[in-house]
Amino acid sequence: MSEFIGTKLTMNLGERSYDIIVKSGSLENLYQFARLDRRVAVVTDSGVPAQYAQMVADQCKDAHIITVPQGEASKSFKILESVLRQMLEFGMGRGDLVIAVGGGVVGDLAGFAASIYMRGIDFINCPTTTLSMIDSSIGGKTAVDLGDTKNIVGAFWQPKLVIVDPDTLATLPRRHFINGLAEAVKASLLADPELFAIFESGDVDAQIGEIICRSLRFKKNIVEQDETERGMRKALNFGHTIGHGIEAVKGIKGRRTVGLFHGECVALGMLPMIESKALQKRVRAVYRRLGLPVRTTYNKEKVLAEMLHDKKAQGGQITVIKVPGLGCWRAETIPVEGLRPLLGMED
């Protein structure tokens, strides 16, 4: 691991701030950073090694572990209600705490539950996947899905603390590990050429601490300037407009067990938004080096239809993020029909 392991970042949001600890072994030392002398609901899913939630629960005075089924299908009202009922039955009050231990689904679900239980209680995020460590664990976006529409019901609810323990990645399957790196490639293309250089010629396993920290620092800087996505936070949607469309049609979710993961879809969604052919070529080479997909076949009409459901599509217009060159970006509002050529569809 590089010298980055053992970093504390602080998210400053006006009157509020919280720490982001990136440190090997931090999960088993959570008690050093957080007040655990209260009722704590530890939310995890069936795909996360049970020892991680147990490790957190063992440090608490009074903990209840809530395990939801693995996968995007758990971001539903049904599972949300089940989590809230368990919190209520556990006797949780306004001064109590929810801790998420897992990937993005767990963080989104547990964070949203914390945001609406008794009109909002404390929340701590302990991401255990590259995707959640690099991206979704900070910034306060929490949500569940409604039918096939992702993240359409949710709240901005900032955590009190984020604990990123790279040691938990040891149990993550390789494809999941690489899937999460797509969001770090996104950060590098938008604003960090040095991070892009790691993907081009560095050792992603040895430098994972640095990759996580650089990605989080980038996202932190944007969220501090635009917490509720009125302006520049939209940059973080780079690759997601097309990516979410592909994910809706070809993503692994529900009964669909073969297909693409979120990061893989975002990787594919970024390529048409890169305006420099030379940079596009370099990015494809990075994808091949990492093991991310460079192309896929999909029903373009179906993907376009899904993109029109996107919460960023309004009044026949959609704002997309384009990258003209490495380390710079711009937002462009186009008519939704302008998505056709980006998907390689004929006008």
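Please refer to the structure placed before this passage.
A quick note: this is a predicted structure, and the numbers were derived from the prediction, not measured.

Calculation criteria
- Residues numbered from 1 in each chain as written.
- Predicted model: local features only at pLDDT ≥ 70, side-chain atom pairs only at ≥ 80, totals over all residues.
- Heavy atoms only, no water.
- Pairing = 2+ DSSP bridges.
- Helix = DSSP H or I, 4+ residues; strand = E, 2+ residues; numbered from the N terminus.
- Axes fitted to C-alpha atoms, helices over the stretch in contact; angles between N-to-C directions.
- Contact = heavy atoms within 4.5 Å.
- Expected span 1.5 Å × (residues − 1).
- Buried < 20%, exposed > 50% of the residue type's maximum accessible area, 1.4 Å probe, protein only.
- Patch = residues over 30% accessible without salt bridge, like charges linked within 9 Å, V, L, I, M, F, W, Y side chains within 5 Å.
- Areas by Shrake-Rupley, 256 points an atom, 1.4 Å probe, with all protein chains shown as cover.
- Salt bridge = Lys/Arg side-chain N within 4 Å of Asp/Glu carboxyl O.

*Asks:* Looking at this model, I keep getting lost on the sheet that holds strand S2 (residues 16-22). Mind explaining?
*Replies:* Taking strand neighbours across the sheet as the criterion, the seven strands line up as S1-S2-S9-S6-S5-S3-S4 in an open arrangement whose pairing is mixed. The strands lining the two open edges of the sheet, one partner per strand, are strand S1 (7-13) and strand S4 (62-68). For this sheet, the mean angle separating the axes of adjacent strands, direction not counted, is 15°. As defined by bridge partners, strand S3 (residues 39-45) adjoins S4 across seven bridges and the pair is classed as parallel. Bridging across to S4, Arg 39 finds its partner in Asp 62. Helix-sheet contacts for helix H2 (residues 77-89) involve S3, S4 and strand S5 (97-102), and the interaxial angle to S4 is about 165°.

*Asks:* Explain the sheet that holds strand S11 (residues 317-325) to me, please; I cannot follow it from the model alone.
*Replies:* Picture the strands of a sheet paired through backbone hydrogen bonds; they go either parallel or antiparallel. Reading across from one edge, S10-S11-S12 is the order of the three strands in this open sheet, with antiparallel pairing throughout. In the strand order of this sheet, the two ends are held by strand S10 (313-314) and strand S12 (328-335), each with one partner. Pairing of S11 with S12, which is carried by seven bridges, proceeds in the antiparallel orientation. If you follow Gly 325 over to S12, its bridge partner there is Cys 328. In the packing of helix H5 (residues 174-191) onto the sheet, the strands contacted are S11 and S12, and the crossing angle to S11 comes to about 70°.

*Asks:* How should I be thinking about helix H7 (residues 208-225) in this particular structure?
*Replies:* An α-helical turn contains 3.6 residues, so any two residues separated by three or four positions project in the same direction. Helix length check: H7, at 18 residues, gives a terminal C-alpha distance of 26 Å against a target of 26 Å (1.5 Å per residue), a fit within 8%. Burial of H7 is extensive: 14 of the 18 residues sit out of reach of the surface.

*Asks:* Which parts of the structure should I look at to understand the environment of Gly 344?
*Replies:* Along the chain, the position of Gly 344 falls in the segment after helix H12 (339-342). For the pair formed by Gly 344 and Pro 272, sequence separation is 72 residues and the distance between their alpha carbons is 8.7 Å.

*Asks:* What am I meant to see in helix H9 (residues 262-270) here?
*Replies:* Of all nine residues making up H9, nine are buried, and the element is well covered by its neighbours. Residues of H9 that are buried: His 262, Gly 263, Glu 264, Cys 265, Val 266, Ala 267, Leu 268, Gly 269 and Met 270. Contacts made by the buried residues of H9 are with helix H4 (130-136), strand S8 (149-156), H5, helix H8 (240-250) and helix H10 (277-290).

*Asks:* I'm lost on a nonpolar patch on the surface in this one. Help?
*Replies:* Nonpolar side chains collect at one region of the surface, where Phe 77, Leu 146 and Ile 152 lie side by side and expose about 250 Å² of accessible area between them. For Phe 77, the location among the structural elements is in helix H2. Judged by relative accessible area, Phe 77 falls into the partly exposed class, the value being 40%.

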